[in-house]
Amino acid sequence: EVGKPLSELQTPRQLVHVVRDIAVALEALYDRNILHRDISEGNILLSAEPDPVAGDRAFLTDFGLAMKLDPTTKLPSPDSAGHNHITGTLPFVAAIFHCPATGQTPLSMIHHDVESLFWVAMYTVFRCASLEGSQNTPKKELDVIQECNGWLGDLRSSGLRGLYATKKLILSFGEEVRLPGRWLSIRNFLSKVAALCETQLRTALTSQSLEINPDPKNHDIGAIITEAEAVDGDSSVGLDQPAPPRNQVPQLPISGLLFAPQPRGSSEQRTSTSTRSKRLRKDDDAGYYGRRGGDLGSRERSKRNRTGPSYQESP
């Protein structure tokens, strides 16, 4: 067995290990002038070893969309610049690529891979948490679990404006981003990573308005690794608390997965009980359009929400 999927992750501490080891891998690739450009839940595997050492606990796969960087500028090299389209899987793509005000596709940078790693972590938390309620769970806790279920549905949405609003709200990591039970043990860690990514997003938006590129050398990988290692040294009980047996928890339906194609400009009618989701849905674009224009059919909507040359939103 080469590795195990992230869906088999057992504890919050193990997720911290994933973030730390993948951040180290991203830094090693960056030092070798390579961008992965497809950081996603499906492209990160857990070690199959029973007790792996640091650095071997999680690893990246699928380098099919990787890009070479110029060793001096750390921007896409001239022979790669022509392939600078949006890549990745929508829930994990950096927020700047969903920005409605973006006039052209931003150049791929290390900041985007780092932010994608953050989205993998948040997606994993929301997915795991949404499965952990039971008939014995207090109502307040169930409410938080349902909110995680709502966040998961929002991240799985294909409406780009709504996805951008969702990601900006999560990056702010305010009181609306609530985590239940054992996941509270890493909330502070996730909020610090979110703050770093939010700062990079603000810098990118300012740079776009000035028609310049952000400095790709000013990345936050070292800070994330340091934070992860500090958390790993903590002995908090919640960090090592395993998930309840799956046969003892009800599987909540994920909102935002099933919806019919709608005309351009209409709003997605996704089921969610949170006022946050209702507010976000108001500004959602509902459609995810290919270069040829028009709504994607239900057959295409059922595919993985991936981006690329043929899946970009028309200007």
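Residues numbered from 1 in each chain as written. Predicted model: local features only at pLDDT ≥ 70, side-chain atom pairs only at ≥ 80, totals over all residues. Heavy atoms only, no water.

**Student:** An account of the side chain of Glu198 is needed here, citing residue identities and associated values.
**Tutor:** Within the secondary structure, Glu198 sits in helix α5 (residues 187–209). For Glu198, a relative accessible area of 19% gives the class buried. (Helix = DSSP H or I, 4+ residues; strand = E, 2+ residues; numbered from the N terminus. Buried < 20%, exposed > 50% of the residue type's maximum accessible area, 1.4 Å probe, protein only.)

**Student:** Talk me through empty space enclosed by the protein; I want residue IDs and the actual numbers.
**Tutor:** The gaps left among the atoms become clear once a water-sized probe is rolled over them. Throughout the structure, instances matching the rule amount to 4 cavities of 30 Å³ or more. Along the walls of the largest cavity sit 16 residues, with Arg37, Thr87, Phe97, His112 and Asp113 positioned nearest its centre. Looking at the lining of the largest cavity, the elements with two or more residues in it are β6 (88–89) and α2 (110–129). It is α2 that contributes the most residues to the lining of the largest cavity, 3 residues altogether. Grouping the constituent residues of the lining of the largest cavity by class yields 6 nonpolar, 7 polar and 3 charged. (1 Å grid on protein atoms, 1.4 Å probe; cavity = no way out; pocket = protein on both sides within 12 Å on 5 of 7 lines; lining within 4 Å. Points joined across faces, edges and corners; volume = space filled by probe spheres on them. Nonpolar A, V, L, I, M, F, W, Y, C, P; charged D, E, K, R; others polar.)

**Student:** Please give an account of the pairing of strand β3 (residues 44–47) that cites residues and values.
**Tutor:** In the sheet, strand β1 (residues 3–5) pairs with β3 via 3 bridges, with the strands oriented antiparallel. Bridging across to β3, Gly3 finds its partner in Ser47. (Pairing = 2+ DSSP bridges.)

**Student:** Residue-level account of the packing of aromatic side chains, with values.
**Tutor:** Summed over the entire model, instances satisfying the criterion amount to 3 aromatic pairs. Taken together, a centroid distance of 5.0 Å and an interplanar angle of 65° make the contact between Phe92 and Tyr123 edge-to-face. Note that Phe92 is positioned in the loop between β6 and α2 and Tyr123 in helix α2, a separation of 31 residues in sequence. As far as burial versus exposure is concerned, Phe92 and Tyr123 are alike and both buried. Measuring from ring centre to ring centre gives 6.1 Å for Phe126 and Trp151, while their planes differ by 15°; the resulting arrangement is stacked. Linking Phe126 in helix α2 with Trp151 in helix α3 (residues 139–155), this pair joins segments that are 25 residues apart in sequence. In terms of burial, Phe126 and Trp151 fall into one category: buried. Here the basic side chain of Lys74 rests over the ring of Tyr30, its NZ or CZ set 4.5 Å away from the ring centre. (Phe/Tyr/Trp six-rings, centres within 6.5 Å; stacked < 30°, edge-to-face > 60°. Lys NZ or Arg CZ within 6 Å of the ring centre and 35° of its normal.)

**Student:** Hey, could you go over the environment of Gln146 for me, with residue numbers and the actual values?
**Tutor:** When you line up the elements, Gln146 lands in helix α3. Between the alpha carbons of Gln146 and Ala129 there is a distance of 8.8 Å; along the sequence they are 17 residues apart.

**Student:** So, the packing of α3 against helix α4 (residues 160–172): which residues are in play, and what are the values?
**Tutor:** Think of two packed helices as two axes; the pair is described by the angle between the axes and how far apart they sit. Orientation of α3 relative to α4, taken along the N-to-C sense of each, is 135°, at an axis distance of 9 Å. Taken together, the axis directions place α3 and α4 in an arrangement best described as oblique. Mapping the contact onto sequence places Trp151, Asp154 and Leu155 in α3 and Leu163, Thr166, Lys167, Leu169 and Ile170 in α4. (Axes fitted to C-alpha atoms, helices over the stretch in contact; angles between N-to-C directions. Parallel < 35°, antiparallel > 145°, perpendicular 65-115°, else oblique. Contact = heavy atoms within 4.5 Å.)

**Student:** Lay out the sheet that holds β3 in plain terms, naming residues and giving numbers.
**Tutor:** Remark on secondary structure: sheet strands pair via backbone hydrogen bonds, oriented parallel or antiparallel. Pairing is antiparallel in the open sheet, where 3 strands are placed in the order β1-β3-β4. At either margin of the open sheet sits one strand with a lone partner, and together these are β1 and β4 (58–60). Between one strand and the next, the sheet's axes are offset by a mean angle of 45°, whatever the strand orientation. Against the sheet, helix α1 (residues 12–31) contacts β3 and β4, and its axis sits at roughly 40° relative to β4.

Honestly, it's all geometry; don't read function into it.
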